[in-house]
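# Inside the fold
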Amino acid sequence: DAKTTQPPSMDCAEGRAANLPCNHSTISGNEYVYWYRQIHSQGPQYIIHGLKNNETNEMASLIITEDRKSSTLILPHATLRDTAVYYCIAPDSNYQLIWGAGTKLIIKP
Amino acid sequence: EPEVTQTPSHQVTQMGQEVILRCVPISNHLYFYWYRQILGQKVEFLVSFYNNEISEKSEIFDDQFSVERPDGSNFTLKIRSTKLEDSAMYFCASSEGDLYSYEQYFGPGTRLTVT
């Protein structure tokens, strides 16, 4: 089973920041949290990952709480092309990515 | 920008037939993966492959499945005798880091339809 929980869906207005939460209260201290997204029927796309510190790249920012029990993926200026299912993933003990249902993010014009 | 490619984009086959799905990973990547996604369901890990052998496999990856890297560029998934429940999108992925880096790059997928 996935170690993470996410809301099933969220809306965001185009041009605004999209903040996607993820709970991962059971991950251990050395386990990274990875974010991917899947635009309809396409292959998943890697976004970002982090361990303790906040991370930023050209796609998004990742804010991880100090206790590491939750994190938030931030898309700073959402566009219609950011409509997708977003997955927050922590690898399992067998070194496999276990995918949950993710959050379906809908960007509205 | 380099990308993972997969062929064919759609494969239709009859139950009991063998299928081979093909992938060309990113050229300097060393770790290769297969995943599947049944329509409307979650992405499921099948197998990881490194140094010409399977590193990890899931319970789904039974004796009907096999993987091969027949040359320096292709990575294939073979299903020996397809069943109706094998109908799904199959995604290939590759990564350059060690096995425990999960920054993976996915191909566009092959839609397998078993009739």
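The coordinates are above.
Described below are features of the structure shown in this document.

Reading the values: the criteria
Residues numbered from 1 in each chain as written. Chains lettered and ligands numbered in written order. Predicted model: local features only at pLDDT ≥ 70, side-chain atom pairs only at ≥ 80, totals over all residues. Heavy atoms only, no water. Phe/Tyr/Trp six-rings, centres within 6.5 Å; stacked < 30°, edge-to-face > 60°. Helix = DSSP H or I, 4+ residues; strand = E, 2+ residues; numbered from the N terminus. Buried < 20%, exposed > 50% of the residue type's maximum accessible area, 1.4 Å probe, protein only. Contact = heavy atoms within 4.5 Å. Pairing = 2+ DSSP bridges. Axes fitted to C-alpha atoms, helices over the stretch in contact; angles between N-to-C directions. Buried area = accessible area lost by both parts, 1.4 Å probe. Polar contact = N/O pair within 3.5 Å; in protein donor to acceptor, adjacent residues only side chain to side chain. Nonpolar A, V, L, I, M, F, W, Y, C, P; charged D, E, K, R; others polar.

## Points about the packing of aromatic side chains
Residue and element names in this part refer to chain B. Applying the stated criterion across every chain yields a total of 17 aromatic pairs over all chains. With 5.4 Å between their ring centres and 40 degrees between their planes, Phe32 and Phe75 make a pair best called tilted. Separated by 43 residues along the polypeptide, Phe32 in strand β4 (residues 31–37) and Phe75 in strand β8 (residues 75–79) bring together distant segments of the chain. Both residues of the pair, Phe32 and Phe75, count as buried.

## Section: the environment of Ile74 of chain A
Residues and elements named next belong to chain A. Here Ile74 is to be found in strand β7 (residues 70–75). As for Ile74 and Ala18, which are separated by 56 residues in sequence, their C-alpha atoms are 5.6 Å apart. Excluding anything up to four places from it in sequence, Ile74 contacts Ala17, Ala18, Asn19, Ala60, Ser61 and Ile63.

## Describing the sheet that holds strand β9 (residues 103–108) of chain A
Residues and elements named next belong to chain A. Pairing within the open sheet is mixed, and its five strands lie in the order β1-β9-β8-β3-β4. Looking at which strands have only one partner, the edges of the open sheet turn out to be β1 (9–13) and β4 (45–50). Between one strand and the next, the sheet's axes are offset by a mean angle of 25 degrees, whatever the strand orientation. Looking at chain direction, strand β3 (residues 33–38) and strand β8 (residues 84–89) are connected through five bridges and run antiparallel.

## Let's talk about the interface of chain B and chain A
Across the contact, 20 residues belong to chain B and 18 residues belong to chain A. Here chain B meets chain A over a buried area of about 1600 Å², counting both sides, of which 60% is carbon and sulfur. The three residues of chain B that bury the most area against chain A are Val43, Tyr102 and Phe106 of chain B, which together make up 38% of that side's buried surface. Applying the counting criterion to the chain B and chain A interface returns four residue pairs in polar contact (both at pLDDT 80 or more). Looking at the side of chain B that touches chain A, the elements that each hand over two or more residues are β4, β5 (43–50), β6 (53–57), β9 (88–95) and β10 (105–106) of chain B. Split into classes, the residues belonging to the side of chain B that touches chain A amount to ten nonpolar, five polar and five charged.

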